Amino acid sequence: MMQIFRVAGFAALGVLVTLTTSPRSALAQSAPTPATPKTETFGKWSTTVDEIDTGEDLRKTCVASTAFLDASGASGTLTLALSNGDALPPSGYPNLVIAMKNKDLPTSENIPAVFGDSNGKVKATVDTMAGAGGKWMLNNKPEISLALLRAMRRASALDVSFADIPVATVSMDGFTKAYRSLGVSCGFPTGDVAP
């Protein structure tokens, strides 16, 4: 009697093992496989395109970024990012984020910001990103974003200030080529910014 129980127990265990491992195997086979991100450099700007095949579509995240130093020597980055799942130009433009450690900069919502050079300025607002410590995101209204992107294309260096406090002067060397690369990678027209 004991042997019958053991055989039945092992048989039941075998069914349980089959039931618990089969779905995992199926999941492992159908799970998205991320590709190695593609990175290029254009002057002081770098682009990264990250692709994930979800099984239903190919999701791409396209990023252009440049590093800078503020007047005190603290480092920061200015980054543009969007996904081919987002509203694409001309309906929407890449999100702009400035990241840096500077305790003197304001942290709240709707902080007045000015971007530009001696040839023109673009007034906008930025919000501190909650939980991101040291990151500010442009309030991404299409008309403001378009004006800012055009100023970035035109300028050799972009002066940035938040609430009349200078943030940094950021090099735009390579920006135009980086922006065009984003358009090619994420499938949007760039003629309104970088003809």
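As a reminder, the structure under discussion sits directly above these lines.
First things first, this report covers the structure right here in the doc. Computed from a prediction, not measured in an experiment: that's the story for all the values here.

A look at the packing of aromatic side chains
We describe a pair of aromatic rings using the distance from one ring centre to the other and the angle between the two ring planes. If you walk through the whole model with that rule in mind, you get four aromatic pairs. Look at W45 and F175: their rings are 5.3 Å apart centre to centre, the planes differ by 65 degrees, and that puts the pair in the edge-to-face class. In this pair, W45 sits in strand 2 (residues 45-53) while F175 sits in helix 3 (residues 175-186), placing the two residues 130 residues apart along the sequence. Assessed through its relative accessible area of 0%, W45 is described here as buried.

Details of the pattern of salt bridges
The tally for this structure, following the rule as stated, stands at four salt bridges. With a closest N to O distance of 3.9 Å, E40 and K38 form a salt bridge. A residue is classified by how much of its surface remains accessible, and E40, at 30% relative accessible area, is partly exposed. The salt bridge involving D117 is made with R154; its shortest N-O contact spans 3.1 Å. Pair noted here: D117 is in strand 6 (residues 111-117) and R154 is in helix 2 (residues 142-154), with a separation of 37 residues, a long-range link.

A closer look at a positive patch on the surface
Taken together, the side chains of R150, R153, K177 and R180 present a region of like positive charge at the surface. Mapped by element, the contributors of at least two residues to the positive patch are helix 2 and helix 3. Take R150: it is sitting in helix 2. Taking the relative accessible area as the measure of exposure, R150 reaches 36% and is therefore partly exposed.

Calculation criteria
Residues numbered from 1 in each chain as written. Predicted model: local features only at pLDDT ≥ 70, side-chain atom pairs only at ≥ 80, totals over all residues. Heavy atoms only, no water. Phe/Tyr/Trp six-rings, centres within 6.5 Å; stacked < 30°, edge-to-face > 60°. Helix = DSSP H or I, 4+ residues; strand = E, 2+ residues; numbered from the N terminus. Buried < 20%, exposed > 50% of the residue type's maximum accessible area, 1.4 Å probe, protein only. Salt bridge = Lys/Arg side-chain N within 4 Å of Asp/Glu carboxyl O. Patch = residues over 30% accessible without salt bridge, like charges linked within 9 Å, V, L, I, M, F, W, Y side chains within 5 Å. Areas by Shrake-Rupley, 256 points an atom, 1.4 Å probe, with all protein chains shown as cover. Lys, Arg positive; Asp, Glu negative; His and termini not counted. Charge placed at Lys NZ, Arg CZ, Asp CG, Glu CD.

Scope: geometric values only; no functional claims are made or implied.
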